[in-house]
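Secondary and tertiary structure notes
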Amino acid sequence: METSLAVRFLSGGMNIALVLALAPLFEGILRKVTAKVQSRQGPPIWQPYYDLLKLLGKEDIESGESPAMQRFASWLSLAAILTLAVLVPMGTSPPLSGAADAYLLISILTLCGVSTMLAGLAAGSTYSLVGMSREMMSLMTLEPLLAVAVVVSVVHTRSMALDAVLNGSAYVQAGLPLAGILMLGVAIFAFQALIGRLPFDIAEAETELMDGSMVEYSGPKLALFKFTHMAKLVVYGALLVSIFAPWGSGLPAPLNLFALLAKLLLLVLVVTLVAATHARYRIDQAIRYYGGLLGLSLVALLLALYGF
Amino acid sequence: MSLLSKLKETVICLQAGRVTLPYPQEPAKPPAGFRGRPIFNIAKCIGCAGCANNCPAREILVHDICQEIRIIQYVGRRCTYCGRCADVCPEKAITMSPEFENATNDIGDMQQRLELFMGTCQRCGRCFKEPGPMEQLMMKGYRLDLLEQERWVYDAKTYLDREPTVRDIEIELG
Amino acid sequence: MSAHLALKQIAERFTPVIQRTDVPEDGRLFLYVEPQALREMCRYIFRDLDARYVVGIGLDDRPVSGKFLVAHNFAFDKEHVLCSIMTYLTGNPPRVDSISDLVPAANWSEREFRDLVGIEPVGHPYPKRLILPDGWPDGVHPLRRDYPWDAVPPDYDENRTFDFDNPPDGCVVVPFGPFHPTLDEPAHFRLYVDGEVVRGCEYRGFMVHRAIEKLGDSVLTYNEIPMAAERICGICGCVHNVAYAQAVEQAAALTIPPRARYIRTIMLEIERLHSHLLWVGLGCHVLGFDTLFMQSFRIREPIMWIAEKISGNRKTYALCVIGGVRWNITPALRSELMGVLATLEKEWRAVADAVAGDRNIQKRTRGVGVADAALVKDAGLIGPVARAAGVNIDARRDHPYAAYGDVEFSVITQQGGDVWARLLVRTLEVFESIKIIRQCLDHLPEGPLQAPIQDELPVGRVGLSSVEAPRGEAHHFVITGENNRPRRWRVRAPTYQNLQGVPAMIKDQQIADMTISLASIDPCFSCTDRMEIVDLRSGAHRVYSQEELLKLARGGTRTP
């Protein structure tokens, strides 16, 4: 479907605006629900906005081994997640669907993970390097999961175009969608780790590593990283919803947007409850868990190749 | 099974409900017997300095301006609200009030200064009956603590420039 | 006659070198021996008689006898005896044979009297500074009687640093502390890390050293010291308050009224309740499980309120004076306390059931931070750490004090020796504490709260007191003195012993487990660092300009 350049830009801009506006709100809801579970009042749901504004207003201190690389890493993480936002359908079909394909999607997904690693490496302090090595171990086992999810869709639809791939295409049309259901299960169990929340927030464990990769970041740079962390919930959520649960995206605007928001809200609630009821896993336990999921996802890929 | 225990834990959490108190929007009244800021009642004080003698933080200073006037000053800076001063006061002139919101920018707000007119006695200067051997006065006679520097002075000579009426105990000062 | 039995066993072998013995009561034994026999006697008591090492004390006795004194305290738990082996040392600097190679638990005690009193333990395997800051000049020993409590040494060297060991081959140094989110107080563990595995560690602590013992023997009087003792620790303050009062009362042979004994027991158990609930919450927070942290604290809050109603403060109860207690438990308070205990028991039972089956927590705590019975014996570990390794010691039952001789309770032990076992021990001890408080409330005797003291306390008597803090045994040693204050007061907090076992516990484990292993001994660094002197008001402080501070902060991991 050919859409004019202006409509694309508008739609892309809307995606970015949506992510910028919604990510802190979902974080606020997450913190409020966590507080309710912990029998306390909790911060107002607008608190993350205040936090980000406060951080952005602070002095940009240079600390760590290579400050130039640190600045680059913080901007890169924001840029990566926002680019991902325009590749993912939020209500409408992905704005850049003609200009980008599934391969670019996978690469940008990896870039998001790499930017946090770069952050830890650039800071160069003992704790940030330990955090970076944990992040690297997690990345090596988690990114393939995402890639396989996209590839399963590619295999089913026989096309790399974004609007075809990101349209519930994990399930085959005819017969039992085995690969799709298996991938759905894997994605559900991996989601908490993909967005870096308890029990899998290992790379940034506050009580163990003094915040790991983030230890030498403060002020505006930290605001960018914090925002990326918040935005991951929205963008990865929208990505997985579009691959596995696209129902409602065919409705006329703005109903399709509301459907997406409703699904994302449900996802946030599930994520919050899991985060509130679990203790953090150790890195070796987590890697074993991811490895198991990766194995299952490869099985799903095999099934997809054979037409399931 | 782990899922069952997680569910049990969640049930415990949800049954409890919200327990956050609305302090400071609403005041929080401490229970009776709470040891807050000590209040010195000058009408009852007889100037024995038993409170100063028993304050572990040495926060109560005593200074005799002349034979008739004694100043007892509660500084309040390092006060730990232990209540020993209230325990040993023979006239029950000190009460531990329920005030706990004592944060202030100016330490002067915490000070309580009692200027007492003392009866004169020609024999020893200051002589008070101790409650017991454990609360015996460390220093007898006139006291000249430095009120501005908030420091005790352990060697007490009278302003009349005589020998100290009763030697204070040895505290190694070097 | 248990002290006499212990004396008989020792005297059989060592009669020629024993100068004097003192058995003031059934559970106390004081032996004065010749210096050259100290080592062999300590070895015999520790290994052959299987006693537990408690603490080593050095003191400057020159004003009285012209000599220095070293005491090594042991506990015969099964025979219910606390004993102190003392020896006088002549000469300056005084020297004594080190017993640390025979009794590893004495390691820190000897370094401590080396730093503070200047008694040299000859043959100590690790004679490095323990208490005094790095820049403190050599040869200046603050706990000596001729050193003023508020003096600042003129030749304090700011730029001197601690001489750490070299890391073993292939290991990287990861500094844990002094600033770390998990630690409430500063402490420095220098971890030698190979990948993610810890191969060894070196500890440099005592950064919040506060001169409490020096204040105790030169500034404060008998009844003022309980207030200072209480502030040794923010969680187990009542324990130090009671232990000091008991040590003085034992030295002066004072009997306190029975009602006071029961009230002391009740407050000590209230403190144990709040401490264990706090620990469970803290342990979960360290593991990242904030929900259980919040819930533990919610369940704990009514204990703080009832403590505030009884004593006037949530935590610093200011309970004891020499001879009794200051607060009464009225009938109204009694029924309120019973109500609090009923609710607490119900809620904690639910939490304990939920946590017992929680595999997520178990995965992080099983097999982590293991301290087996052999380490417990060698390093002298105590409290839940020892009981989790199956070693059945508890000062409440082994050396009964206050009203513990009158109540029934079980001592909880587990077998694993790991963090999970310690968590279970602490969780289950809550129910035993509730049982003890209920028994005390049911049998609370009438009577006065304080024993009237007519005369000054006798001088020169030695008192020992062991109280079971939530973390283990807290031990106080007092020698009564002139001028209404003790001559020497030595505090051995439980964490002092338990920290010495930490390097062995974290060896060959992952860094991620370091924090929970350390947290599992329930460390109370302020308890450990309670010693000696000096406000460095004019000595070491200099005002850093903002540029200098920023430069320091941006210097990365090199802290001066």
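Right above here is the structure, for reference.
None of these values were measured; they are calculated from a predicted model. (Residues numbered from 1 in each chain as written. Chains lettered and ligands numbered in written order. Predicted model: local features only at pLDDT ≥ 70, side-chain atom pairs only at ≥ 80, totals over all residues. Heavy atoms only, no water.)

**Focus: the overall build of chain B**
Using the following cut-off: Secondary structure is summarised from DSSP: a helix means a run of H or I of at least four residues, a strand means a run of E of at least two, and numbering begins at the N terminus for each. Three labels apply to residues, based on accessible area from a 1.4 Å probe with only protein chains included: buried if under 20% of the type maximum, exposed if over 50%, partly exposed otherwise in between. In short, Shrake-Rupley with a 1.4 Å probe defines the accessible areas, and a residue's cover is counted only from the protein chains shown.
Each helix and strand in chain B was counted, giving 3 helices and 5 strands. Taken from the N to the C terminus, the helices and strands of chain B come in the order α-β-α-β-β-α-β-β. Within chain B, the fraction of its 174 residues that count as buried is 45%. Carbon together with sulfur atoms contributes 55% to the accessible area of chain B, which is approximately 9900 Å² in total.

**Topic: the sheet that holds strand β14 (residues 472-479) of chain C**
All names here are of chain C. Filter applied, for reference: Any two strands are treated as partners once DSSP identifies two or more bridges connecting them. In this analysis an axis means a line fitted to C-alpha atoms, helices contributing only their contacting stretch, and an angle means the value between N-to-C directions, from 0 to 180 degrees.
Within the open sheet, the 3 strands sit side by side as β13-β14-β15. Their pairing is antiparallel. In this open sheet, the two edge strands, each paired with only one partner strand, are β13 (462-469) and β15 (488-492). If you compare each strand with its neighbour and ignore which way they point, the axes differ by 10° on average.

**A closer look at the pairing of β13 of chain C**
On a regular strand, each side chain points to the face opposite its neighbour's, so the side chains alternate between the two faces of the sheet. Residues and elements named next belong to chain C. Summarising burial for β13: 8 of the 8 residues are buried, a large majority. Of the two faces of β13, both are covered, the one formed by Val-462, Leu-464, Ser-466 and Glu-468 as well as the one formed by Gly-463, Ser-465, Val-467 and Ala-469. Relative to β14, β13 runs antiparallel, the two sharing 8 bridges. If you follow Val-467 over to β14, its bridge partner there is Ala-474. Where β13 folds back onto β14 in an antiparallel hairpin, the turn is made up of 2 residues.

**Some points on the interface of chain A and chain B**
Just so we agree on the cut-off: By definition in these notes, contact holds between two residues if any of their heavy atoms fall within 4.5 Å. As used here, buried area is the combined drop in accessible area, with a 1.4 Å probe, of two parts when they are placed together. By definition, a salt bridge exists where a carboxyl oxygen of Asp or Glu is found within 4 Å of a side-chain nitrogen of Lys or Arg.
In this complex, chain A contributes 7 residues to the contact, which on the side of chain B involves 9 residues. Buried area between chain A and chain B, both sides added, is near 720 Å², and the carbon and sulfur share of it is 54%. Broken down residue by residue, the surface that chain A buries against chain B is led by Ser-39, Gln-41 and Thr-277 of chain A, which jointly contribute 63%. Where chain A meets chain B, there are 0 salt bridges.

**Some words on the sheet that holds strand β16 (residues 509-510) of chain C**
Residue and element names in this part refer to chain C. Ordered in space as β8-β9-β10-β16, the 4 strands form an open sheet in which the pairing is antiparallel. Sheet topology places β8 (172-176) and β16 at the edges, where each strand pairs with a single neighbour. In this sheet, β16 lies alongside strand β10 (residues 197-204) in antiparallel orientation, the contact comprising 2 bridges. For Val-198, the partnering residue across the bridge sits in β16 and is Gln-509.

**Considering a nonpolar patch on the surface**
Put simply, the test is: Note on patches: the residues involved have over 30% relative accessible area and no salt bridge, like charges join within 9 Å, and the nonpolar side chains Val, Leu, Ile, Met, Phe, Trp and Tyr join within 5 Å.
Taken together, Leu-176, Leu-178, Leu-302, Leu-305, Tyr-306 and Phe-308 of chain A make up a surface patch of nonpolar side chains, about 670 Å² in accessible area. In this fold, Phe-308 of chain A is placed in the segment after α11 (283-305).

**Here we look at the packing of helix α3 (residues 67-87) of chain A against helix α9 (residues 219-244) of chain A**
All names here are of chain A. How we decide: Comment on the angle field: the value is read as roughly parallel under 35 degrees, roughly antiparallel over 145, roughly perpendicular from 65 to 115, and oblique elsewhere. Each helix crossing is assigned a hand: it is left-handed if the near helix lies turned anticlockwise from the far helix by less than a right angle, otherwise right-handed if that turn is clockwise. Amino acids outside the nonpolar list (Ala, Val, Leu, Ile, Met, Phe, Trp, Tyr, Cys, Pro) and the charged list (Asp, Glu, Lys, Arg) are all regarded as polar, and Gly is one of them.
In contact at an axis separation of 9 Å, α3 and α9 are set at 20° when each is read in the N-to-C sense. Here α3 lies roughly parallel to α9, going by the angle between them. As for how α3 packs across α9, the hand of that crossing is left-handed. In this structure, α3 uses Gln-70, Arg-71, Ala-73, Ser-74, Trp-75, Ser-77, Leu-78, Ile-81, Leu-84 and Ala-85 to contact α9, whose residues at the interface are Lys-221, Leu-224, Phe-225, Phe-227, Thr-228, Ala-231, Lys-232, Val-235 and Tyr-236. The class makeup of the residues in the contact of α3 with α9 is 12 nonpolar, 4 polar and 3 charged.

**Quick look at the interface of chain C and chain B**
Let me state the cut-off plainly: Polar contact criterion, stated in full: a pair of N or O atoms within 3.5 Å, where within protein one must be able to donate a hydrogen and the other to accept it, and residues adjacent in sequence count only if both atoms are side-chain atoms.
With 46 residues of chain C in contact, the opposing surface of chain B contributes 36 residues. Buried surface at the junction of chain C and chain B, both sides included, amounts to about 3300 Å², of which 54% is carbon and sulfur. Counting the surface chain C buries against chain B, the share from its top three residues, Glu-224, Arg-298 and Asn-484 of chain C, is 15%. At the boundary of chain C with chain B, the tally comes to 3 salt bridges. Across the chain C-chain B interface, the total number found is 16 residue pairs in polar contact (both at pLDDT 80 or more). Counting only elements with at least two residues in the side of chain C that touches chain B, the list comes to α9 (290-311), α10 (331-356) and α11 (359-365) of chain C. A per-element tally of the side of chain C that touches chain B places α9 of chain C first, with 7 residues. Among the residues making up the side of chain C that touches chain B, the classes are represented as 19 nonpolar, 14 polar and 13 charged.

**Let's talk about unusual backbone geometry**
Between Leu-198 of chain A and Pro-199 of chain A the backbone carries a cis peptide bond, its omega angle lying at -5°. Inspection of the secondary structure puts Pro-199 of chain A in the loop between α7 (178-194) and α8 (206-209). For the bond from Tyr-23 of chain B to Pro-24 of chain B, the omega torsion is 0°, close enough to zero to count as cis. Inspection of the secondary structure puts Pro-24 of chain B in the loop between α1 (2-16) and β1 (38-40). For Arg-158 of chain A, which is not glycine, the phi torsion reads 60° and is therefore positive. By the element assignment, Arg-158 of chain A lies in the loop between α5 (126-157) and α6 (162-165). With phi around 55°, Glu-150 of chain B is a residue other than glycine that occupies positive phi space.

**Considerations on the pairing of strand β1 (residues 18-22) of chain C**
Residue and element names in this part refer to chain C. The sheet contact formed by β1 and strand β2 (residues 28-33) spans 4 bridges and is antiparallel. For Arg-20, the partnering residue across the bridge sits in β2 and is Tyr-32. Hairpin geometry of β1 and β2 is characterised by an intervening segment of 5 residues between the two adjacent antiparallel strands.

**Thoughts on the nonpolar core**
Residue and element names in this part refer to chain A. What counts here: Here the nonpolar core consists of buried residues drawn from Ala, Val, Leu, Ile, Met, Phe, Trp, Tyr and Cys, with membership extended through side-chain atoms lying within 4.5 Å.
Residues Val-19, Ile-81, Leu-84, Leu-105 and Tyr-236 are the most contacted members of the largest nonpolar core, which totals 91 residues. At 17 residues, the largest contribution of residues to this core is made by α9. In this structure, Leu-105 is in contact with Leu-84, Leu-87, Val-88, Val-150, Leu-162, Leu-166 and Leu-239, ignoring residues within four places of it in sequence.

**Some words on the pattern of salt bridges**
Residue and element names in this part refer to chain C. A complete count under the given rule lists 64 salt bridges over all chains for this structure. Note that Arg-129 and Asp-138 form a salt bridge whose closest N and O atoms lie 2.9 Å from each other. Classification of Arg-129 by relative accessible area gives buried; the value is 13%. Here Asp-394 ties to Arg-396 by a salt bridge, and the two come within 3.0 Å at their closest N and O atoms.

**Comments concerning helix α18 (residues 512-520) of chain C**
All names here are of chain C. Among the 9 residues in α18, 9 count as buried, and that is most of the element. Those residues of α18 that fall on the buried side of the exposure criterion are Ala-512, Asp-513, Met-514, Thr-515, Ile-516, Ser-517, Leu-518, Ala-519 and Ser-520. Phi turns positive one or two residues past the end of α18, at Asp-522, with a value near 60°.

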